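Observations on chain architecture
Below are the chains, spelled out letter by letter.
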Amino acid sequence: MGRTRGATSEARQRILETADRLFYEHGVRAVGIDRVIAEAGIAKATLYVHFPSKDDLILAVLQYREKNVLEFFRAATGRHGRKTPLRAFFAALREWFDSPGFRGCAFQNAAIELADPKHPGTEFVRGHKQRFFELIRGIVEETAGRSATKVAPVIALLVEGAVVTAVLQGRPDAADVAREAALKLSGEGA
């Protein structure tokens, strides 16, 4: 029984990794289940055991990506730890923008493609954006104190706008512009 469970977990993980890569590179609507199955190297039945529908797979991929995004930001801000938390966050943001294959925010992309505010994926994206905002708010508090948290929503908008701008311009410079504005808003850049 342990062997089957391990194989099941391996197959599920392979499906998630494959679908995550494909959805990010090509879009959730452009990638069909058959392509995920082929590239993951699994049987159709195996996919449907883990994900009864494509909508279930989309939701699971978004959950999987959230975990990876949060891990990336924790690790990247740690690498830039000699800086203040806000500066480290924006250094991590620039690092992400400058990474190979950067196509913007998978959550923004999915919400736009799904277009249905009641789709479980769209609902998850709203929750993710709230959790990501809480991360930013915590960083602002750590950098500039609790009184500065009123600027956290503005800084979060700067981050979201920087993501879109980085995709459109094909350069990571938007992270620098957003960082400078965030530092001024937080009182750190004054």
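All of the points below concern the structure found in this document.

**Quick notes on the overall build of the protein chain**
A count of helical and extended segments in the protein chain gives nine helices and zero strands. C-alpha atoms of the protein chain, sized along the principal axes, occupy 60 × 35 × 30 Å. Residues classed as buried in the protein chain amount to 42% of the 190 residues present. Restricting the contact set of the protein chain to residue pairs at least 6 apart, pairs at least 24 apart contribute 63%. Once the 28 positive and 23 negative side-chain charges of the protein chain are each reduced to a mean point, those two points are 1 Å apart.

**Concerning the layout of surface pockets**
Approximately 260 Å³ is the volume found for the largest pocket. Among the elements of the structure, α4 (54-79), α5 (85-97), α6 (106-114), α7 (120-144) and α8 (152-169) are those that each provide at least two residues to the lining of the largest pocket. The greatest single-element share of the lining of the largest pocket, amounting to six residues, is contributed by α4. Taken together, the residues of the lining of the largest pocket sort by class into twelve nonpolar, four polar and four charged. Roughly 170 Å³ of volume is contained in the second largest pocket. Lining the second largest pocket are E17, D20, R21, Y24, E25, R65, W96, S99, P100, G101 and F102. Ranked by residue count, the leading element in the lining of the second largest pocket is helix α1 (residues 2-26), at five residues. Here the lining of the second largest pocket is built from residues that sort into four nonpolar, two polar and five charged.

**Comments concerning the packing of α4 against α6**
Where α4 contacts α6, the two axes come as close as 10 Å, and the packing angle between them is 160°. Judged on the interaxial angle alone, α6 and α4 are roughly antiparallel. Both α4 and α6 take part in a crossing whose hand is left-handed. Along the contact surface, α4 presents I58, L62, R65, E66 and V69, while α6 presents A106, F107, A110 and L114.

How each quantity is defined
Residues numbered from 1 in each chain as written. Predicted model: local features only at pLDDT ≥ 70, side-chain atom pairs only at ≥ 80, totals over all residues. Heavy atoms only, no water. Helix = DSSP H or I, 4+ residues; strand = E, 2+ residues; numbered from the N terminus. Buried < 20%, exposed > 50% of the residue type's maximum accessible area, 1.4 Å probe, protein only. Contact = heavy atoms within 4.5 Å. Lys, Arg positive; Asp, Glu negative; His and termini not counted. Charge placed at Lys NZ, Arg CZ, Asp CG, Glu CD. 1 Å grid on protein atoms, 1.4 Å probe; cavity = no way out; pocket = protein on both sides within 12 Å on 5 of 7 lines; lining within 4 Å. Points joined across faces, edges and corners; volume = space filled by probe spheres on them. Nonpolar A, V, L, I, M, F, W, Y, C, P; charged D, E, K, R; others polar. Axes fitted to C-alpha atoms, helices over the stretch in contact; angles between N-to-C directions. Parallel < 35°, antiparallel > 145°, perpendicular 65-115°, else oblique. Left-handed = near helix turned anticlockwise from the far one by under 90°.

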